[in-house]
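Chain by chain, the residues run as shown.
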Amino acid sequence: MKRFKRLSSLLLLCFLSISSAMAQGNNFGLGNQDEANIESLTNRLLNLEERSKFFQVYLNFRGGYHETLNGEDKGGHFKLAHTRPEFLGELGKVGYRVRLNLSTNHNVNNLDKSNNVIDIAKIFYTPNDKWSFSFGKSALNYGTFEFDYNPVHVLEFFEFQAYQPDAVAASVTAGYTFKKQLFTLELANSDMDFFYGQNPTANVIYPESAHPLQYSFSWRGDLFNSRLKTIWSYTLRNEAKGCRTNLLMLGTSLSGKKWDLQVDYNGAFGKLDYLGLATADALAAGIINSNQLETNTRYQQWVLDFGYRPTPRWNLFAKVGINNSSAKKIKPLQNYRQTYEYTVAAQYFIDKAQDIRVMIGYIGKSTRYKKELGLDNLQSNRIELSIVSRIKIL
């Protein structure tokens with residue numbers, strides 16, 4: 001019994017004495033704006049000085065009241081949109097990050113065999129201040145600022161981002177930092193079951209690619225004393241055999257003392273409709289049939305996001321976007337669908353040290369089709385009042 005007590009005390013002492021002198025540096029993926037000066041509840045309540053970064057615990061949360069103003073879902077209800085516990089840490093040159101999404105289904109991904117509840121599970125190795133390497137499952141290094149945000153802080157991802165089939169996937173990433181510019185190369189899974197015969201209504205089954213992978217290059221730029229920032233990426237996706245999609249995602253941000261302006265461009269060009277938006281409505285209406293899946297699809301979306309901070313506790317922002325969907329190979333579906341989306345919101349920080357906010361927002365979406373197709377235009381609007389937090393527990 002005494003041996004056990006001595007061993008337990010020794011382990012506890014070792015755990016508490018691990019030094020955190022090693023800076024995070026270019027260990028990308030451990031979070032960006034989410035990590036800024038968040039005080040640990042343990043530190044606050046027990047008045048303990050944090051001496052280790054080996055084990056940190058966060059709770060990402062958003063929940064509140066949703067009032068849908070029109071459409072089939074008209075009415076109001078409470079919704080727990082996000083519950084994502086997160087565990088991360090670093091020990092010398094090695095780090096890890098694990099985040100669970102308890103608000104999603106428990107299906108297993110066919111390629112990496114991980115449960116969908118696993119949002120992030122990856123390890124990092126940073127041999128020096130220049131190089132970083134990571135392996136595991138996480139959000140991919142796509143460009144744009146909208147894609148880069150913590151999901152709990154986004155009232156509504158606009159269409160192009162919301163329908164990404166594998167924005168979270170198993171990947172291996174190498175990063176190099178040069179004068180505050182981070183360049184990354186990434187190799188990740190490209191899961192396209194829809195084209196491999198998983199859709200029961202499809203008459204055409206494409207042979208699966210021998211290497212269903214995607215290859216990405218990204219640049220995270222920091223210029224003019226951080227007044228101008230970029231998150232740009234190019235991705236080549238292997239989908240079905242002989243079918244590929246080119247993704248160009250460019251995010252640029254300008255910042256002032258109390259304001260931020262972000263402009264995002266998303267472009268996708270490929271033989272198949274990998275998002276499904278350019279053909280799904282036409283398929284359902286019988287305008288095309290399931291043999292017409294080689295569409296030479298083109299998506300182009302622009303998003304403008306403006307934020308203003310009148311006081312340290314208040315944040316006001318507006319976001320607007322337009323997405324054009326076109327199936328160039330099928331004449332009726334050329335530039336046949338446009339979507340307009342908009343969000344206006346205000347945030348009040350109840351506790352800035354713990355990043356706890358009250359957020360109220362108005363979210364709208366309007367979809368317009370070519371008149372000659374006879375499809376009904378769609379309109380949806382809702383109001384959301386939520387509590388949003390990224391609490392640091394340990």
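For clarity, every value in this text was computed on a predicted model and none was experimentally measured.

Caption draft 1: Up close: unusual backbone geometry. A positive phi angle is found at Thr144, which is not glycine, with a value near 85 degrees. If you trace the backbone, Thr144 turns up in the loop between β5 (131-139) and α3 (145-148). With phi around 50 degrees, Asn335 is a residue other than glycine that occupies positive phi space. Mapped onto the elements of the fold, Asn335 is located in the loop between β13 (314-327) and β14 (337-351).

Caption draft 2: Looking closely at the environment of Lys180. Structurally, Lys180 is set in the loop between β6 (168-178) and β7 (181-189). With a relative accessible area of 53%, Lys180 lands in the exposed category. Through-space distance from the C-alpha of Lys180 to that of Lys130 is 9.8 Å; in sequence the pair is 50 residues apart. Those residues in contact with Lys180, other than ones at most four positions away along the chain, are Arg220, Asp222 and Ser226.

Caption draft 3: How the structure looks around the packing of aromatic side chains. For the structure on display, the rule yields 13 aromatic pairs. Cluster of aromatic residues (ring-pair linked, three or more members): Trp131, Phe133 and Tyr176. If you follow Lys352 out to its NZ or CZ, it ends over the ring of Phe349, 4.0 Å from the centre. One cation-aromatic arrangement involves Arg390 over Tyr58; the distance from NZ or CZ to the ring centre is 4.1 Å.

Caption draft 4: Geometry of the nonpolar core. Counting residues in each nonpolar core, the largest one holds 15 residues, and the members touching the most others are Tyr142, Phe160, Leu247, Ala268, Tyr274, Leu275 and Tyr299. In terms of nonpolar packing, the next biggest core, distinct from the first, is built from nine residues, Ala282, Tyr336, Leu373 and Leu375 among them.

Caption draft 5: Quick look at a nonpolar patch on the surface. Taken together, the side chains of Leu254, Trp259, Phe306, Tyr308, Trp314, Leu316, Tyr348, Ile350 and Ile387 define a hydrophobic patch exposed on the protein surface, amounting to about 780 Å² of accessible area. Within the residue set of the nonpolar patch, elements represented by two or more residues are β12 (294-311), β13 and β14. Within the fold, Tyr348 resides in strand β14.

Caption draft 6: Structural detail: the pairing of strand β9 (residues 228-238). Alignment of strand β8 (residues 213-223) against β9, held across 10 bridges, turns out to be antiparallel. In the strand pairing of β9, Arg220 is matched with Ile231. Here β9 pairs with strand β10 (residues 244-255) via 11 bridges, running antiparallel. When the sheet's bridge partners are listed, Leu228 is paired in β10 with Leu254.

Cut-offs applied
- Residues numbered from 1 in each chain as written.
- Predicted model: local features only at pLDDT ≥ 70, side-chain atom pairs only at ≥ 80, totals over all residues.
- Heavy atoms only, no water.
- Helix = DSSP H or I, 4+ residues; strand = E, 2+ residues; numbered from the N terminus.
- Buried < 20%, exposed > 50% of the residue type's maximum accessible area, 1.4 Å probe, protein only.
- Contact = heavy atoms within 4.5 Å.
- Phe/Tyr/Trp six-rings, centres within 6.5 Å; stacked < 30°, edge-to-face > 60°.
- Lys NZ or Arg CZ within 6 Å of the ring centre and 35° of its normal.
- Core = buried A, V, L, I, M, F, W, Y, C linked by side-chain atoms within 4.5 Å.
- Patch = residues over 30% accessible without salt bridge, like charges linked within 9 Å, V, L, I, M, F, W, Y side chains within 5 Å.
- Areas by Shrake-Rupley, 256 points an atom, 1.4 Å probe, with all protein chains shown as cover.
- Salt bridge = Lys/Arg side-chain N within 4 Å of Asp/Glu carboxyl O.
- Pairing = 2+ DSSP bridges.

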